[in-house]
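Observations on chain architecture
Listed below are the residues making up each chain.
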Amino acid sequence: MDSITANDSIIHFNDVCYTSLNQHLKQRNFSKIFILVDENTHQFCLPKFLNNLETNAVVEIVEIESGEINKTIDTCVGVWNTLSELNADRKSLLINIGGGVITDLGGFVACTFKRGIAYVNVPTTLLSMVDASVGGKTGVDLGHLKNQIGVISNPDLVLIDTEFLNTLPKNQMRSGLAEMLKHGLITGEDYWNNFLDLSKLSLNDLDELIHESVIIKKNVVEEDQFENGIRKTLNFGHTLGHAVESYFLSHPEKPTLLHGEAIIVGMILECYISSKMLGFPQETVSEIKELFIGYYGKVDINKDDYSPIMDLLKYDKKNDYGNINFVLLKAIGEPKLDSIVDEKLIIEAFEYYSK
Ligand code: NAD
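Residues numbered from 1 in each chain as written. Predicted model: local features only at pLDDT ≥ 70, side-chain atom pairs only at ≥ 80, totals over all residues. Heavy atoms only, no water.

Let's talk about the packing of aromatic side chains
By convention here, two paired aromatic rings are described through the distance between centres and the angle between planes. In the structure shown here, the tally under the stated rule is eight aromatic pairs. With a centroid separation of 4.9 Å and an interplanar angle of 15 degrees, the aromatic rings of Tyr 306 and Phe 350 are classed as stacked. Separated by 44 residues along the polypeptide, Tyr 306 in helix α13 (residues 303–312) and Phe 350 in helix α14 (residues 343–354) bring together distant segments of the chain. Using a relative accessible area of 0% as the deciding quantity, one classes Phe 350 as buried. Between the NZ or CZ atom of Lys 48 and the centre of the ring of Phe 164, over which it lies, the distance is 5.8 Å. Positioned above the aromatic ring of Tyr 352, the side-chain terminus of Lys 289 is 4.4 Å from the ring centre. (Phe/Tyr/Trp six-rings, centres within 6.5 Å; stacked < 30°, edge-to-face > 60°. Helix = DSSP H or I, 4+ residues; strand = E, 2+ residues; numbered from the N terminus. Buried < 20%, exposed > 50% of the residue type's maximum accessible area, 1.4 Å probe, protein only. Lys NZ or Arg CZ within 6 Å of the ring centre and 35° of its normal.)

Comments concerning the site of the ligand
Neighbouring the ligand are 26 residues, the closest being Asp 38, Glu 68, Thr 124, Thr 125 and Thr 167. Here Asn 40 contributes a side-chain N or O atom positioned 2.8 Å from an oxygen atom of the ligand. The separation between an oxygen atom of the ligand and a polar side-chain atom of Asn 147 is 3.3 Å. Bound to the protein, the ligand loses 91% of the 870 Å² it would expose on its own. Every element with two or more residues in the shell around the ligand is listed here: α2 (39–44), α5 (100–112), α6 (126–132) and β8 (145–152). Broken down by class, the residue content of the shell around the ligand amounts to eight nonpolar, ten polar and eight charged. (Near = heavy atom within 4 Å. Polar contact = N/O pair within 3.5 Å; in protein donor to acceptor, adjacent residues only side chain to side chain. Areas by Shrake-Rupley, 256 points an atom, 1.4 Å probe, with all protein chains shown as cover. Nonpolar A, V, L, I, M, F, W, Y, C, P; charged D, E, K, R; others polar.)

Brief notes about the pattern of salt bridges
This model, assessed by the stated rule, comprises 16 salt bridges. The partner of Glu 68 in a salt bridge is Lys 71, and the shortest N-O contact between them spans 4.0 Å. For Asp 338, the salt bridge is made with Lys 232, and the minimal N-O distance between the two is 3.2 Å. Residue Asp 338 is located in strand β11 (residues 334–340), and its partner Lys 232 is located in the loop between α9 (203–223) and α10 (238–249); the two are separated by 106 residues in the primary sequence. (Salt bridge = Lys/Arg side-chain N within 4 Å of Asp/Glu carboxyl O.)

Digging into the sheet that holds strand β4 (residues 58–64)
Note: strands within a sheet are paired through backbone hydrogen bonds, in either parallel or antiparallel orientation. Taken in spatial order, the seven strands make up an open sheet running β1-β2-β9-β6-β5-β3-β4, and their pairing is mixed. Because the sheet does not close on itself, it has two edges, and the strands there are β1 (4–6) and β4. Ignoring strand direction, the axes of neighbouring strands in this sheet form an average angle of 20 degrees. Direction of pairing for strand β3 (residues 32–38) relative to β4: parallel, over a ladder of seven bridges. What sits directly across from Val 37, in β4, is Glu 63. Contacts between α5 and the sheet are confined to β3, β4, β5 (93–98) and β6 (118–123), with β5 contributing the most and set at about 165 degrees to the helix. (Pairing = 2+ DSSP bridges. Axes fitted to C-alpha atoms, helices over the stretch in contact; angles between N-to-C directions. Contact = heavy atoms within 4.5 Å.)

Quick look at the environment of Lys 32
With respect to the helices and strands, Lys 32 occurs in strand β3. We classify Lys 32 as buried; its relative accessible area is 15%. In this structure the C-alpha to C-alpha distance between Lys 32 and Val 59, which are 27 residues apart in sequence, comes to 6.2 Å. With sequence-adjacent residues up to four places away left out, Lys 32 is seen in contact with Val 58, Glu 60, Leu 86, Asn 87, Lys 91, Ser 92 and Leu 93.

Below is the structure:
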């Protein structure tokens, strides 16, 4: 699979990853290499990575605890302190091996430590391969509010070794797939049609689809890195999806909801709203709802949840001048930005979802 250049990063796939990394290390002659992992990527991904790493530089492993709950500024302080204690300097390199939590947090740590050191991302979940790997968004959560603190900054390299997916739990695979489904809905039938029978998707098909999803995201992000226009299309399903995710995160009595699982709910809701506001075909909404709920199951959201979920919309990063801006669809592949949606219609969408 061809390597992809996106903004200031180069994204390599599978075998090419390690030769390109080793070449990069040789050229840049880093003073020290720090590898950020969590306990899972330490166990499942680090051994293969180290086996393929060729360098004379000192390599230090820094481990943090896995999970969104640890994507905080406190964890960053811990990593900054460790880097400092281990004498990281401005010529050091940070390699982030993990899912979106590690690459978001590690990217933020790297681009703020000593005003910025070089970093490489090695996404090891499907979600981080097709989404978090491209576009330069780094950052952490603020309490239960997702991604409120961060900067846009690009790693030198992104290394996508799809073999890492072999150890990824099934629910995490499904969560990543949600972003690929979103890529289908916002770009058009050609890509979307790959997903009409989710039960038939195999890991083999996935390699090509991952490559294609990365290209889709890269094309959007390159045109609009700072999210003034077309990049907002990537937020389809995310306005309500993020609110649902934040709500579930702050209610430990509710079942755990992964990012992609929340985005699936958000996409069903926003397809419904699209049908009422922009004429997105109602029949397609029903098909999408059936496909998504058939594969992901239905999340239990009841009437009492609607209002606190809607309260969370005011923290959405796409808001401006106090307005909550939605990305909606006129048709598959035809997104429309900056729609303002009436609260009553949002409630109606929740009722449609729960029906
Ligand atoms: P995650 O990073 O929490 O990883 C999920 C779980 O899988 C973790 O327990 C992790 O330890 C484990 N894991 C990772 N790789 C593994 C492997 N190969 N084998 C076995 N276990 C493995 O979750 P995620 O879904 O990858 O990322 C979610 C985060 O990404 C969220 O914080 C979200 O905000 C962020 N995100 C960022 C962007 C961006 O553009 N920067 C885009 C989308 C999502």
